[in-house]
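Structural features, examined
One letter stands for each residue in the lines below.
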Amino acid sequence: RMQIYFIDNEDYFQRKYKIEDKNGKFFDDNDERSIFFCRGVLETVKKLGWSPDIIHCHGWMTNLVPMYIKKAYSDNPLFADAKVIYSVYDDEFEPNLDENFGNKVKIDGITNKDLAYYKTPNFVNITKAAIENSDALIVGSEKINGDVKNFMKESGKPMLDFQSMETYIDTYSSFYDEILNEG
């Protein structure tokens, strides 16, 4: 049995299209939508008093969660032992997010050094920031950006390669156990 919670905001998420409009134009406020989603999820977890063992972030929309957990929420006992896993997908976007994205994401505990990748907030850079702040990584699509894949490998972090629909449930479960047993 699983409970599911939805993070919603009429201005950001009550649209027929998710990331781009019907003409394929990237929404100008995707940066703010990502911030709202990431902060909303973490604040909901805090409010409900949950203490997660694993926080598994899927795709660029969740790119801020690893940094927030490791930097801004690092003193919060609910997140003290949580392991962050980041899955990278073939969900690359253009154009860049708003040039002020780094200033918008800054909260207590986040330093200017933490925001280095956000100076040019494109897919590769925000994904590198998420990778750098994660404990483990998963390749979620058969093909992902080559620069990102190389960065994942060079990070030295535990990494799970792409899994088929037939194998991913058991493989992810074993990977989660491995990550939890490391620390």
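For clarity, every value in this text was computed on a predicted model and none was experimentally measured.

**Comments concerning the side chain of asparagine 125**
Tracing the sequence through the fold places asparagine 125 in helix H5 (residues 123-132). If we skip the residues at most four places from it in the chain, asparagine 125 touches Tyr117 and Thr120.

**Considering the environment of lysine 70**
When you line up the elements, lysine 70 lands in helix H3 (residues 64-72). Lysine 70 sits 13 residues away from lysine 83 along the chain, and the two C-alpha atoms are 9.6 Å apart. Here lysine 70 is in contact with Ala82, Val84, Asn133 and Asp135, once residues within four sequence places are set aside. A distance of 2.7 Å separates a polar atom in the side chain of lysine 70 from a polar atom in the side chain of aspartate 135.

**Some words on the pattern of salt bridges**
In a structure, side chains of opposite charge can pair up when their charged atoms sit close to one another. For the structure shown, the criterion picks out 7 salt bridges. Salt-bridge contacts for aspartate 28 lead to lysine 25; the nearest nitrogen and oxygen are separated by 3.2 Å. Under the relative-accessibility criterion, lysine 25 is labelled partly exposed at 46%. The salt bridge involving aspartate 31 is made with lysine 104; its shortest N-O contact spans 2.7 Å. In this pair, aspartate 31 sits in helix H2 (residues 30-48) while lysine 104 sits in helix H4 (residues 101-105), placing the two residues 73 residues apart along the sequence. Aspartate 31 gets classed as buried once you look at its relative accessible area, which sits at 1%. One salt-bridge network, held together by shared partners, links Asp31, Glu32, Asp98 and Lys104.

**Some thoughts on the environment of tyrosine 176**
In this structure, tyrosine 176 sits in helix H7 (residues 168-182). Sequence separation of tyrosine 176 and lysine 83 is 93 residues, and the distance between their C-alpha atoms is 9.1 Å.

**A closer look at a nonpolar patch on the surface**
There is a patch of nonpolar side chains on the surface, built from Met2, Ile4 and Phe6 and spanning about 450 Å² of accessible area. Tracing the backbone shows phenylalanine 6 in the segment before helix H1 (10-13).

Calculation notes
Residues numbered from 1 in each chain as written. Predicted model: local features only at pLDDT ≥ 70, side-chain atom pairs only at ≥ 80, totals over all residues. Heavy atoms only, no water. Helix = DSSP H or I, 4+ residues; strand = E, 2+ residues; numbered from the N terminus. Contact = heavy atoms within 4.5 Å. Polar contact = N/O pair within 3.5 Å; in protein donor to acceptor, adjacent residues only side chain to side chain. Salt bridge = Lys/Arg side-chain N within 4 Å of Asp/Glu carboxyl O. Buried < 20%, exposed > 50% of the residue type's maximum accessible area, 1.4 Å probe, protein only. Patch = residues over 30% accessible without salt bridge, like charges linked within 9 Å, V, L, I, M, F, W, Y side chains within 5 Å. Areas by Shrake-Rupley, 256 points an atom, 1.4 Å probe, with all protein chains shown as cover.

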